[in-house]
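# Geometric and topological summary
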Amino acid sequence: MMTKNVLISGASVAGPALAYWLHRHGFHPTVVERADTIRPGGYAVDFRGEALDVLDRMGLLDGIRALDTEMGDATMVDAEGRPYATLPSAVFAGDLEVLKGDLTRMLYEATRGTTEYLFGDSVTGLTEDPDGVLVTFGHAPPRRFDLVVGADGLHSRTRALAFGPEQRYVRHLGIYTAIFSLDNYLGLRNTGQLYAAGGLAANMFTARANTEARAALHFAAEDLEYDRRDPAQQKRIVAERFAGEGWEVPRLLEEMAAASDFFFDANAQVEMDRWSEGRVVLLGDAGYCAGPTSGRGTSQALIGAYVLAGELAASGGDHTTAFAAYEREMRGYVTEHQALGREGAERFFMPAPTQEVLDLLAAGAPENTRTEPVRLRDYSATAASS
Ligand SMILES: Cc1cc2nc3c(=O)[nH]c(=O)nc-3n(C[C@H](O)[C@H](O)[C@H](O)COP(=O)(O)OP(=O)(O)OC[C@H]3O[C@@H](n4cnc5c(N)ncnc54)[C@H](O)[C@@H]3O)c2cc1C
């Protein structure tokens, strides 16, 4: 196999996981990440089904298990903070739950010795010819790569450059979410409290062995006009929606105003007829985001990385064959998760759900962890030495 230099845009979950497998198969990965460094902390993400097998094959499963949030059941509370139902952790914490920043850090540590990382930079242009892709960057000088992978999330720049504007592919699910860190001032122990009112939901969960907490404020809305780079404006939007609400919401709004790690975005899916265009291919949320309500985005990113690298190895680096096989292997799995994401969004703002409803959800949760199984072929025999 000829040496294949692969540029990956995005160093979160999908990007470093792909770099890991590409290196194992004898490719030379370079990762460009817009942020100046790997982002710490963040919200909790969970793993389901075969994603645990992929972590195991990467030798990371024990390390990830050590970071488990060990979240127990959570409590539904009314406007006065009185508990009225229990939300079983099976509904929200999957087979294993960790803070996203902890996962990203571990993937980065597992690849930094074998992968070139360019932080604080971004792809600005892609020009493809029969032999490769000429890539221009915001800061680094232009470089040629054999292949380019967009692992740069829901608002992927790679997708915009190779496939066209975001509006063609991103489908809003009718929910906006704000998340931020705060002190665990309620003194919760491996649990959370959730408050729901018509079209609004707020919660607070413990993080980092109860030394911190994460709050989330969700509200129902169709497409909003706002500046994605203006957190002050976004905080104002959230504060207006939650003004006058009960439970801990007034305190959470104060905490939000001071939060430095504020995250705000629409819950959305990415729907594309195909994930590759010539020598450019999309991976994870960039190509097939299923939305936070699916609870499957992290698993998809990890499994997609495993399959994409494996198919490139199996085809001896023939990207046309490999990209077609990657899509064949992944399409059914992704389609099911996107259906789960839409169903989850439809029932998201259940006002004051009864215990019976929550128990029914929990009873369905284990079987949801194994939807249509994705085939994890053993690609090791096809690996080239690096
Ligand atoms: C609120 C919330 C809760 C969630 N909860 C869960 C859960 O419980 N379970 C679960 O499985 N999934 C969950 N998800 C989804 C999960 O976070 C994503 O599916 C997963 O992180 C996808 O990984 P990714 O690497 O494809 O993309 P991302 O994690 O979005 O990473 C994209 C990376 O690309 C970088 N980037 C962006 N633009 C550029 C650019 N132009 N140039 C260079 N780099 C760029 C970004 O900085 C980032 O590092 C949740 C998502 C949200 C928003």
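Before reading further, recall that the structure is shown in the block above.
Small disclaimer: the values here were computed from a predicted structure and weren't measured.

Turning our attention to the sheet that holds strand E9 (residues 132-137). The strands that make up a sheet pair up through hydrogen bonds in the backbone, lying either parallel or antiparallel. With antiparallel pairing, three strands are arranged side by side in an open sheet as E8-E9-E10. The sheet is open, and its two borders are formed by strand E8 (123-129) and strand E10 (143-145), each paired with just one other strand. Ignoring strand direction, the axes of neighbouring strands in this sheet form an average angle of 30°. As paired elements, E9 and E10 share three bridges and run antiparallel to each other. For Val135, the partnering residue across the bridge sits in E10 and is Arg143.

Moving on, we get to the nonpolar core. Among the nonpolar cores identified, the biggest contains 65 residues, and Ile8, Leu18, Phe47, Leu283, Ile303, Tyr326 and Met330 are the most heavily contacted of them. In terms of residue count, the dominant contributor to this core is helix H9 (residues 297-314) (10 residues). Residues within four places of Leu283 in sequence aside, it is in contact with Ala14, Leu18, Val149, Gly150, Ala151, Tyr288, Ala301, Gly304, Ala305 and Tyr326. With 29 residues, the next largest nonpolar core counts Ala213, Phe219, Val238 and Leu253 among its residues.

Turning our eyes to something else, we now look at the packing of aromatic side chains. For any pair of aromatic rings, geometry is given as the distance between the ring centres together with the angle between the planes. Throughout the structure, instances matching the rule amount to 18 aromatic pairs. Residues Trp21 and Tyr306 carry aromatic rings whose centres are separated by 4.9 Å and whose planes lie at 85° to one another, so their mutual orientation is edge-to-face. On the criterion of sequence distance, the pair formed by Trp21 in helix H1 (residues 14-24) and Tyr306 in helix H9 is long-range, its members being 285 residues apart. Grouping residues by exposure puts Trp21 and Tyr306 together as buried. Put simply, the rings of Tyr176, Phe219, Tyr226, Phe262 and Phe264 touch in pairs and so form one group of aromatic residues. Positioned above the aromatic ring of Tyr185, the side-chain terminus of Arg251 is 3.7 Å from the ring centre.

Cut-offs and rules
- Residues numbered from 1 in each chain as written.
- Predicted model: local features only at pLDDT ≥ 70, side-chain atom pairs only at ≥ 80, totals over all residues.
- Heavy atoms only, no water.
- Pairing = 2+ DSSP bridges.
- Helix = DSSP H or I, 4+ residues; strand = E, 2+ residues; numbered from the N terminus.
- Axes fitted to C-alpha atoms, helices over the stretch in contact; angles between N-to-C directions.
- Core = buried A, V, L, I, M, F, W, Y, C linked by side-chain atoms within 4.5 Å.
- Buried < 20%, exposed > 50% of the residue type's maximum accessible area, 1.4 Å probe, protein only.
- Contact = heavy atoms within 4.5 Å.
- Phe/Tyr/Trp six-rings, centres within 6.5 Å; stacked < 30°, edge-to-face > 60°.
- Lys NZ or Arg CZ within 6 Å of the ring centre and 35° of its normal.

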